[in-house]
Amino acid sequence: MDLKGSERMAENNSWTNRPFSYLFRAITFKMKNKADKSLSEYGLTSQQGQTIGYINSNEGVIQKDLADFFNKRDATMTSMLQGLEKKGFIERKIPENNEREKRVYLRPMGKELVGSFDKKFQEIEDDITKSLTDDEIETLLRLLTKINNNLE
C-alpha cells in the first residue's frame, strides 16, 4: 500500500483505529487473490487447492474432519468436495464398517497436480518474506504463532 492510500485510510479512521485487523485482512485478501489467479489455470480456487494438498497429506481423511480443519460448515465442504469429485480430482468412499462416514482420497489426476500446487503456494510464501531478513522472518513467525494460539 502506498503512503497516499494509508493517509486516505487514516482520514477515514478505519486504518488508525484497527491497524492489525486491517493489515491481516489486506494481506489475507492479497494472498487469496494471488493463489486464486495462480490456480485458475487448473479451474480451481485457492481453497480447493489447499483442500487437495491437505487430502494428499492425509489420505483417507474423514470429510467431517476436513470441514473442521478448514473451519467450514459441513454443507459448504460437501459442496466443494462434490465439485472436486466432478472434476476428477478426488473420490469419496463410504467404509463398510461405518456408513455415516465419508473418507476422501485423491484420484490420479489430483495427485499429479499436488507438485504444481506446492510450487505455487511456495511462491506465495516466498513473496510474503522476500523483503525480510532471516531474523525478521524468525520474529514474524514467532509472533504470528503466538497470535494464532491466542485466538484458539
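No experiment lies behind these values; they were computed from the predicted model shown. Residue indices follow the written sequence of each chain, beginning from 1 at its first position. Local features in a predicted model are, by the rule used here, given only for residues with pLDDT of at least 70; side-chain atom pairs are given and counted only at 80 or more, and totals for whole chains, interfaces and linings are based on all residues. With hydrogens and water set aside, each side-chain value is computed from the structure's full complement of heavy atoms.

Student: Just checking my understanding: could you explain the pairing of strand β2 (residues 90-93) for this structure?
Tutor: For a regular strand, side-chain orientation follows a simple rule: the groups alternate between the two sheet faces. Here β2 shows a clear split, with Ile90 and Arg92 buried on one side and none of Glu91 and Lys93 buried on the other. For two strands to count as paired, DSSP must find a minimum of two bridges between them. Strands here mean DSSP runs of E at least two residues long; helices mean DSSP runs of H or I at least four residues long; both are numbered from the N terminus. As paired strands, β2 and strand β3 (residues 103-106) are joined by four bridges and run antiparallel to one another. When the bridges of β3 are listed, Glu91 appears paired with Tyr105. Working definition: with a 1.4 Å probe on protein chains only, accessible area under 20% of the residue-type maximum means buried, over 50% means exposed, and in between means partly exposed.

Student: So what exactly am I meant to see when it comes to unusual backbone geometry here?
Tutor: Working note: non-glycine residues mostly have negative phi, and peptide bonds are mostly trans. Even without a glycine there, the phi angle at Asn71 is positive, about 55°. Within the element layout of this structure, Asn71 appears in the loop between α5 (63-69) and α6 (74-86).

Student: I'm lost on the pattern of salt bridges in this one. Help?
Tutor: Note that side chains of opposite charge can pair when their charged atoms are close. We count a salt bridge whenever a side-chain nitrogen from Lys or Arg sits within 4 Å of a carboxyl oxygen from Asp or Glu. In total, this model carries six salt bridges according to the counting rule given. Lys64 is the partner of Asp68 in a salt bridge, and the nearest nitrogen-oxygen pair spans 3.2 Å. Taken together, the positions of Asp68 and Lys64, both in helix α5 and four residues apart, correspond to about one turn of that helix. Owing to a relative accessible area of 46%, Asp68 belongs among the partly exposed residues under this scheme. Notably, a salt bridge pairs Arg103 with Glu101, separated by 3.1 Å at the nearest N-O pair. According to the relative accessible area criterion, Arg103 is partly exposed, its value standing at 27%. A relative accessible area of 18% places Glu101 in the buried class. Because the salt bridges share partners, they merge into one network encompassing Lys34, Asp127 and Lys130.

Student: How should I be thinking about a negative patch on the surface in this particular structure?
Tutor: Excluding any residue in a salt bridge, patches collect residues exceeding 30% relative accessible area, merging like charges within 9 Å and nonpolar Val, Leu, Ile, Met, Phe, Trp and Tyr side chains within 5 Å. Here, Shrake-Rupley sampling with a 1.4 Å probe gives the accessible areas, and only protein chains in the shown set may cover a residue. The sign given to each residue is positive for Lys and Arg and negative for Asp and Glu; His and the chain ends receive no count. We put the charge of a Lys on NZ, of an Arg on CZ, of an Asp on CG and of a Glu on CD. Negative charge collects at one region of the surface, where Asp134, Asp135, Glu136 and Glu138 lie side by side. Along the chain, Asp135 turns up in helix α8 (residues 134-150). Judged by its relative accessible area of 60%, Asp135 is exposed.

Student: Is there a simple way to explain the side chain of Ser46 in this structure?
Tutor: With respect to the helices and strands, Ser46 occurs in helix α4 (residues 46-57). Judged by its relative accessible area of 7%, Ser46 is buried. Discounting residues that sit within four places of it in the chain, Ser46 has contacts with Lys32, Ala35, Asp36, Leu39 and Phe121. Contacts: residue pairs with any heavy atoms within 4.5 Å of one another.

Student: Would you mind going over a nonpolar patch on the surface with me for this structure?
Tutor: A cluster of nonpolar side chains, namely Phe20, Leu23, Phe24, Ile27, Met31, Ile128, Leu140, Leu144, Ile147 and Leu151, defines an oily patch on the protein surface of about 880 Å² accessible area. Taken together, the elements giving at least two residues each to the nonpolar patch come down to α3 (19-39) and α8. Within the secondary structure, Phe24 is located in helix α3. Classification of Phe24 as partly exposed rests on a relative accessible area of 37%.

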